[in-house]
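As a plain string of letters, each chain reads:
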Amino acid sequence: MDIVPPENGLDDMPLLKRRRVSDCAARSCEASRFASSSSAILKHLWFPEGDIVLDIEQRLLKVHRKRLRCSVIFSDMLHIPQPSPSETDRIDGCPSVTLVGDALADWEVVFGWIYQKSDFLAKAVTFDILSGALRISTKYEIAELRQWAVTELLSRWPVDVANMRLNALPHAAEAINLAQECALPEILPSCFYALSVQKFHCSADGGRSHIVLSPNDLRRLIAGREALQDALVRVVIDPLTEPGCYNNASCGTCAPRRVEYWRTRLAPDPKSPWSTWLVRELEQMLRDDAFVGTLCSDCVHGHLSTIRWRHGRLRGAIPGFFLL
Ligand SMILES: [Zn+2]
């Protein structure tokens with residue numbers, strides 16, 4: 001059977017929700033007959049005392065309606081008066097709904113959160129878990145789960161690229177697609193930056209970007225890499241001149257060592273699987289007390305000011321580098 005909302009039951013609902021419920025019900029109407037004939041039970045999500053059957057990718061799940069009420073979409077749909085049982089096709093005595101376009105793996109993640117939340121929250125978070133949770137929680141408006149997924153994603157791909165760490169490198173290309181699919185554009189600068197610091201000829205994760213990203217996003221990535229390379233070359237060519245930074249004066253004694261220091265720190269390392277991770281390199285230079293201690297007091301000020309200036313400008317410029 002299919003949860004087909006009668007007209008009267010929809011009258012009091014907001015227009016947006018009405019449309020979504022109607023769409024969902026219409027899809028389920030067509031598909032559940034097919035489900036009853038050819039879909040197979042998914043044993044670990046078949047609760048004998050459940051009161052609704054979901055058909056996802058031709059697998060049947062028998063779950064509890066009350067558990068689905070964490071979703072605004074399901075809550076609205078289940079609130080609507082249903083046709084009498086004699087008018088419906090039922091599976092194992094329960095109404096059935098086919099969820100068209102959803103991946104079973106995504107829903108298995110979500111039911112892990114719904115039925116065993118403490119175990120779910122205690123285990124290691126993989127990208128597949130994050131993407132499944134975000135896709136379903138966005139589509140079906142499960143606010144608490146979406147908030148959890150967004151928080152986890154932002155810890156990997158923070159709004160400020162200065163907070164990006166090594167865990168941003170795996171799955172950065174997939175995260176770009178996910179961000180666009182699930183309305184999470186704030187992670188995009190870090191995702192693109194994470195790809196741009198990986199060398200594609202090495203076997204690093206970013207080397208698969210061309211089969212993951214759309215042509216438009218691949219263009220953003222290339223444009224960003226070029227802009228970052230330009231920024232790096234400008235510094236290496238003339239390390240002590242920084243237009244707009246007025247506190248970078250250097251004495252004749254410290255200047256040659258400062259020039260050499262910048263060039264050594266920012267020189268590409270052919271053996272490294274990464275290109276120069278400029279934002280992180282600048283942060284490490286700020287904390288390099290061993291080198292700072294070799295400068296005279298005037299040059300310490302100029303040196304640190306120049307690093308901070310470049311660091312701040314780069315952080316602000318990175319979204320634009322990737323045409324975001
Ligand atoms: Zn000096």
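Parameters at a glance
Residues numbered from 1 in each chain as written. Predicted model: local features only at pLDDT ≥ 70, side-chain atom pairs only at ≥ 80, totals over all residues. Heavy atoms only, no water. Donors = N, O, S within 2.8 Å, 3.2 Å for Na, K, Ca; no water. Tetrahedral: all angles 85-135°; square planar, octahedral: opposite > 155°, others 65-115°. Buried < 20%, exposed > 50% of the residue type's maximum accessible area, 1.4 Å probe, protein only. Core = buried A, V, L, I, M, F, W, Y, C linked by side-chain atoms within 4.5 Å. Helix = DSSP H or I, 4+ residues; strand = E, 2+ residues; numbered from the N terminus. Contact = heavy atoms within 4.5 Å. Axes fitted to C-alpha atoms, helices over the stretch in contact; angles between N-to-C directions. Parallel < 35°, antiparallel > 145°, perpendicular 65-115°, else oblique. Nonpolar A, V, L, I, M, F, W, Y, C, P; charged D, E, K, R; others polar. Expected span 1.5 Å × (residues − 1).

As named in an unreviewed UniProt entry, the chain is BTB domain-containing protein, taken from Mycena albidolilacea.

### Brief notes about the coordination of the zinc ion
Surrounding the zinc ion are the protein donor atoms C251 (SG), C254 (SG), C296 (SG) and C299 (SG), at 2.3 to 2.4 Å. Here the zinc ion is ringed by four donor atoms whose angles at the metal span 100 to 121 degrees, and the overall shape comes out tetrahedral. Within one chain, the residues donating to the zinc ion are spaced in sequence as C-x2-C-x41-C-x2-C. A relative accessible area of 29% means that C296 is categorised as partly exposed.

### Considerations on the nonpolar core
The tendency in soluble globular proteins is for nonpolar side chains to be buried side by side. Within the largest apolar cluster, 84 residues are counted, with the highest numbers of intra-cluster contacts made by L54, W107, F111, W157 and Y193. Here this core gets eight residues from one element, more than from any other, and that element is helix α5 (residues 104-115). For W157, the residues in contact, after removing those within four places along its chain, are F127, A168, P170, H171, A172, A175, I187, S190, C191 and A194. Listed in part, the five residues of the second largest apolar core include V53, L60, I91 and C94.

### Brief notes about helix α10 (residues 188-196)
With nine of nine residues buried, α10 is to be regarded as a mostly interior element. Tucked inside the fold, the buried residues of α10 contact α9 (172-181), α11 (209-212), α12 (215-237), α14 (278-286) and α16 (297-321).

### Topic: the packing of α5 against helix α7 (residues 127-139)
Across the interface, α5 lies against α7 with an axial gap of 8 Å and an inter-helix angle of 90 degrees. With respect to α7, the element α5 is oriented roughly perpendicular. Here D106, W107, V109 and V110 of α5 lie close against α7, whose contacting residues are D128, I129, G132, A133, R135 and I136. Split into classes, the residues belonging to the contact of α5 with α7 amount to six nonpolar, one polar and three charged.

### Quick look at α7
Its 13 residues give α7 an end-to-end C-alpha distance of 18 Å, which sits within 8% of 18 Å, the value for a rise of 1.5 Å per residue. Of all the residues in α7, the buried ones are F127, I129, L130, S131, G132, A133, L134, I136 and S137. The inward-facing, buried residues of α7 abut α5, α6 (117-122), α8 (143-156) and α9. Downstream of α7 by one or two residues, E141 has phi in the positive range, about 55 degrees.

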